[in-house]
Amino acid sequence: AMRHSQYGVAIYSDAIQSGRTDELLFTAMDQINLGGPTFIMDPEQRALIAGLNLQAGKKAMDVSDFLSASSFFDYGMSFLKEDLWRTRYDLTLALFDNAARCSYAIGDHEKVKALSEQVLTSAGSFSDKLNVMYYTVSALCDASLLDKAIQKSVWVLSMLGEDLHQATSRENTLVLIEETRATLRDQGDDDLLHYKQMTDSSKIMAMKFLSRLVITLVMARPADIPLVTLKMVQLSLAHGMSPISAVGFVYFGSILASIGHIDEGCRFVKLAKNLVQRFGGREVAGEVIAIATQTIGFVDPIQSTLDFHMEGYKVALEAGDTRSASMNFFFYCNYVLWTGSKSISFAKSKYEEFCRFMKQHNVVAMLLIAGTRTMDKLIDGNVTQSEPPSNTPTIEFLEEKNPFAAKMRHFQNMFIHFMFRDYEAMEYSTKNYFECKLETWTHFFIAASQTFICGLVLFWMHRRTNNDVWLHTGNKLKGVLKGWTNSSEWNFLHKFHLLEAEEHFCCGRYSEAKVSYDKAIFLSKEHKFINDEALACELAGYFAYETGEETAALDYLARAHENYNKWGAVAKSKNIYEFIQSIFQNNPNLDQKALISSLQSGLGHAANVDTTGPSSQNARKRDFPPTTVE
């Protein structure tokens, strides 16, 4: 051990003389740390080595090696004596602060808690405790202890003189948003970008806690998001811009987009990205990219934005921001699944990679909203799921503490049962989904997928029950999608036409339904949504079969079978094939040889279709495909 220490000291001494300290710092400290503090008796020399470990740890963080950095900080603390807080206060505080940051980055939440407790006990001022409290809040959020994270954040903000208004009605919140819009309307983009810089350290720290609070509220209390976002914008206008201001403006843009001002929302999203560039805001870049890309997805072709989220994941990971890294990864996986731009097997592999990342970094709540169950079902017809970690929250816990995750879970169940035509199970999941009351203000693209699928589900429920509540709600969702077509026909027009077709079907307007189904199929293909093309063909097939047009039904279903195969949804393709077989069993006079042969080869079939569509008078009631029970 002594030889390691001596060797390390010799390396560092030579490095100083040769001017190569940056190059040899890690090598020297590795040797000194292997020797340990036992043979270093001089307090000054111990402090010097502790300081060098601090320097080495920061250097490791600069290259995103948080595990090595954490080790350097631990060694640094070990070289200081028990009275380290009294004799080397600034050095000790710096070691603890940085150690807490690294522990959070590598997912060691217990260590974050232990370090925080020591700082809270020993630090001499409230401001000296803020950094560890920030990482404590971050760890609580990742562990889905959202109420505790919110309470601690609100308390810290109050201590910093930044009290938050209590949540009011939606109407009052809209008034506050309009007031901020009016204020910003007088400010040009260049004026905001080159606004004075925030210098008040307490305001900068308040902005950090507000930025952590807003992402926590997304999961727990989305109705309060505008209050926190507006506070961040107001602090930036009153005290100057900081790197964290970008987070406030990107959420403000998302809020504006969510209430229909998509173009204006994109203005502030762009401003947020430019603020990151102005300040070199490495720590917030991942979060800004995540929220900005979600808003941009309502304007640009969604397939073109996929890589932005992987960029955001990498940037956040390099900064040690595991929450934003996981958010970007989650959004990327959802894009891959819901756009059909990659095979479903590829999407599943990415979700599995996402789950491994969540487990590694202890972001346990996100594990329950990963879409692996959905893809397992589509690929092989079974829902297989590995045993979750012992600290993974249950669905009951999520429903109480993390309603965003609970609602996602119910949506996944609803989608699975809808796709495999298990009506009773789908109805149960749908009711659970709508019982999760979340007044959201953020504009996430997953909402578009949910709006689309929920609309299809509700129109089917109306046809089964004749309950006009489902028809009315489905029409409202169709109207929402129609509004989104104003900003992006590419992403939403085919979805709107499919909902339109299902509504016409419900109301007995069969000729109009046929036209809308065909529009949905054509546009899905044109806009490269193979999953939606398959679904549109499938639903058009059920419509044709229900209305007595077996030949047309077989053509639509054959194309659905082909597209599901191309997408990689093997079990779903088999489900379609089995229904086609049932049609032939019920109609022995149909010419089935060529169709069955082509279906078995996965090539599909192109039969002649009656373009006029069935009339209301010729329609007759048929059953949907046989129920598939998990």
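The rules behind these values
Residues numbered from 1 in each chain as written. Predicted model: local features only at pLDDT ≥ 70, side-chain atom pairs only at ≥ 80, totals over all residues. Heavy atoms only, no water. Helix = DSSP H or I, 4+ residues; strand = E, 2+ residues; numbered from the N terminus. Buried < 20%, exposed > 50% of the residue type's maximum accessible area, 1.4 Å probe, protein only. Contact = heavy atoms within 4.5 Å. Areas by Shrake-Rupley, 256 points an atom, 1.4 Å probe, with all protein chains shown as cover. pLDDT = per-residue confidence, 0-100. Axes fitted to C-alpha atoms, helices over the stretch in contact; angles between N-to-C directions. Parallel < 35°, antiparallel > 145°, perpendicular 65-115°, else oblique. Left-handed = near helix turned anticlockwise from the far one by under 90°. Nonpolar A, V, L, I, M, F, W, Y, C, P; charged D, E, K, R; others polar. Expected span 1.5 Å × (residues − 1). Polar contact = N/O pair within 3.5 Å; in protein donor to acceptor, adjacent residues only side chain to side chain. Phe/Tyr/Trp six-rings, centres within 6.5 Å; stacked < 30°, edge-to-face > 60°. Salt bridge = Lys/Arg side-chain N within 4 Å of Asp/Glu carboxyl O.

1. Some details on the overall build of the protein
Move 1: Scanning the protein from N- to C-terminus turns up 31 helices and zero strands.
Move 2: With 630 residues in all, the protein has 59% of them scored as buried.
Move 3: Partitioning the intrachain contacts of the protein with sequence separation of at least 6 by distance along the chain shows that 71% fall at a separation of at least 24.
Move 4: Entry remark: accessible area of the protein is about 25,600 Å², with carbon and sulfur atoms responsible for 50%.

2. A short note on the confidence of the model for the protein
Move 1: This prediction gives the protein a mean pLDDT of 87; 87% of its residues lie at or above 70.
Move 2: Counting contacts from residues 384-389, a segment whose pLDDT is below 50, to residues more than four positions away or on other chains yields seven contacts.
Move 3: A low-confidence stretch, residues 601-630 (pLDDT under 50), is modelled with 67 contacts involving residues beyond four sequence positions or located in other chains.

3. Considerations on the packing of helix α14 (residues 245-258) against helix α15 (residues 262-279)
Move 1: At a minimum axis distance of 7 Å, the contact between α14 and α15 shows a crossing angle of 165°. As judged from the angle between their axes, α14 and α15 are roughly antiparallel. In this structure, α14 meets α15 at a crossing whose hand is left-handed. Between α14 and α15, the residues in contact are Ser-245, Ala-246, Phe-249, Val-250, Phe-252, Gly-253, Leu-256 and Ala-257 and Ile-262, Glu-264, Gly-265, Phe-268, Val-269, Leu-271, Ala-272, Leu-275 and Val-276, respectively.
Move 2: Among the residues forming the contact of α14 with α15, the class breakdown is 13 nonpolar, three polar and one charged.

4. As for helix α3 (residues 43-62)
Move 1: Between its first and last C-alpha atoms α3 spans 29 Å; for 20 residues at 1.5 Å apiece the expected length is 28 Å, and the two agree.
Move 2: Within α3, the full set of buried residues consists of Arg-46, Ala-47, Ile-49, Ala-50, Leu-52, Asn-53, Leu-54, Ala-56, Gly-57, Ala-60 and Met-61.
Move 3: For α3, the side-chain oxygen to backbone nitrogen distance between the N-cap and Glu-44 is 3.2 Å, and the N-cap itself is Asp-42.
Move 4: Directly beyond the C-terminal end of α3, a positive phi value near 65° is found at Ser-64.

5. Thoughts on the side chain of His-109
Move 1: Position of His-109 among the secondary structure elements: in helix α7 (residues 109-122).
Move 2: His-109 gets classed as buried once you look at its relative accessible area, which sits at 14%.
Move 3: Beyond its immediate chain neighbours, meaning those up to four positions away, His-109 contacts Tyr-104, Ala-139, Asp-142, Ala-143, His-361 and Asn-362.

6. Description of unusual backbone geometry
Move 1: Positive phi, close to 65°, is recorded for Ser-64, a residue that is not glycine.
Move 2: Along the polypeptide, Ser-64 turns up in the loop between α3 and α4 (66-78).
Move 3: Ser-64 gets classed as partly exposed once you look at its relative accessible area, which sits at 24%.
Move 4: The backbone of Ser-144 shows a phi angle near 65°, a positive value even though the residue is not glycine.

7. So, the environment of Ala-206
Move 1: As for its position among the elements, Ala-206 is in helix α12 (residues 201-220).
Move 2: Spatially, the C-alpha atoms of Ala-206 and Glu-162 are 7.4 Å apart, while their sequence positions differ by 44 residues.
Move 3: Among all residues touching Ala-206, those that are not within four sequence positions of it are Leu-157, Leu-160 and Glu-162.

8. Some thoughts on the packing of aromatic side chains
Move 1: Following the criterion strictly, the structure yields 34 aromatic pairs and no others.
Move 2: Taking 5.5 Å as the distance between ring centres and 45° as the angle between the ring planes, the aromatic pair formed by Trp-484 and Phe-492 counts as tilted.
Move 3: Overall, the relative accessible area of 11% leaves Trp-484 in the buried class.
Move 4: For Phe-492, a relative accessible area of 0% corresponds to the buried category.
Move 5: The interplanar angle of 65° and the centroid separation of 6.2 Å between the aromatic rings of Phe-505 and Tyr-510 together place this pair among those described as edge-to-face. As far as the burial class goes, Phe-505 and Tyr-510 line up, both buried.
Move 6: By the ring-pair criterion, three or more aromatic residues cluster together here, those being Tyr-313, Phe-329, Phe-330, Phe-331, Phe-354, Phe-357 and Phe-444.

9. A few points about the side chain of Thr-92
Move 1: Within the secondary structure, Thr-92 sits in helix α6 (residues 89-105).
Move 2: Those residues in contact with Thr-92, other than ones at most four positions away along the chain, are Leu-80, Leu-84 and Trp-85.

10. A few points about helix α23 (residues 423-435)
Since the α-helix advances by 3.6 residues per turn, residues separated by three or four positions end up pointing in the same direction.
Move 1: In this model, α23 (13 residues) spans 18 Å end to end at C-alpha, consistent with the 18 Å of a helix rising 1.5 Å per residue.
Move 2: Residues of α23 that are buried include every one of Tyr-423, Met-426, Glu-427, Ser-429, Thr-430, Asn-432 and Tyr-433, and no others.
Move 3: Buried residues along α23 sit in contact with α22 (403-419) and α24 (446-465).

11. Re the pattern of salt bridges
Move 1: Applying the stated criterion to the full structure yields 22 salt bridges.
Move 2: The partner of Asp-321 in a salt bridge is Arg-212, with the nearest N and O atoms 3.6 Å apart. Here Asp-321, found in the loop between α17 (306-319) and α18 (322-339), pairs with Arg-212, found in helix α12; they are 109 residues apart in sequence, far enough to count as distant. Here Asp-321 and Arg-212 have matching classes, each one buried.
Move 3: A salt bridge links Lys-431 to Glu-427; the nearest nitrogen and oxygen atoms lie 3.9 Å apart. One end of the pair is Lys-431 and the other is Glu-427, both in helix α23 and four residues apart, which spans about a single turn.
Move 4: Given the relative accessible area of 39%, Lys-431 is considered partly exposed.
Move 5: Through salt bridges that share partners, Glu-162, Lys-203 and Lys-231 make up one connected network.

12. Topic: the packing of helix α29 (residues 550-567) against helix α30 (residues 570-586)
Move 1: Where α29 meets α30, the axes come as close as 8 Å, and the angle between the chain directions of the two elements is 160°. Overall, the two elements α29 and α30 adopt an arrangement that is roughly antiparallel. You can see that α29 and α30 cross each other, and the crossing is left-handed. Residues Glu-550, Leu-554, Leu-557, Ala-558, His-561, Tyr-564 and Asn-565 of α29 lie in contact with α30, whose contacting residues are Lys-572, Ser-573, Ile-576, Tyr-577, Phe-579, Ile-580, Ile-583 and Phe-584.
Move 2: Its residues assigned to classes, the contact of α29 with α30 shows 10 nonpolar, three polar and two charged.

13. Description of the environment of Leu-157
Move 1: Counting through the fold element by element, Leu-157 comes out in helix α9 (residues 146-159).
Move 2: Taking relative accessible area as the criterion, Leu-157 reaches 0% and is therefore assigned buried.
Move 3: The spatial distance from the C-alpha of Leu-157 to the C-alpha of Phe-209 is 7.1 Å, given a sequence separation of 52 residues.
Move 4: Not counting the four nearest positions on each side in its chain, Leu-157 is found in contact with Glu-162, Asp-163, Leu-164, Ala-206, Phe-209, Leu-210 and Leu-213.

14. Section: the environment of Ile-416
Move 1: By secondary structure assignment, the location of Ile-416 is in helix α22.
Move 2: Taking relative accessible area as the criterion, Ile-416 reaches 2% and is therefore assigned buried.
Move 3: Taking the C-alpha atoms as reference points, Ile-416 and Met-426, separated by 10 residues in sequence, lie 7.9 Å from one another.

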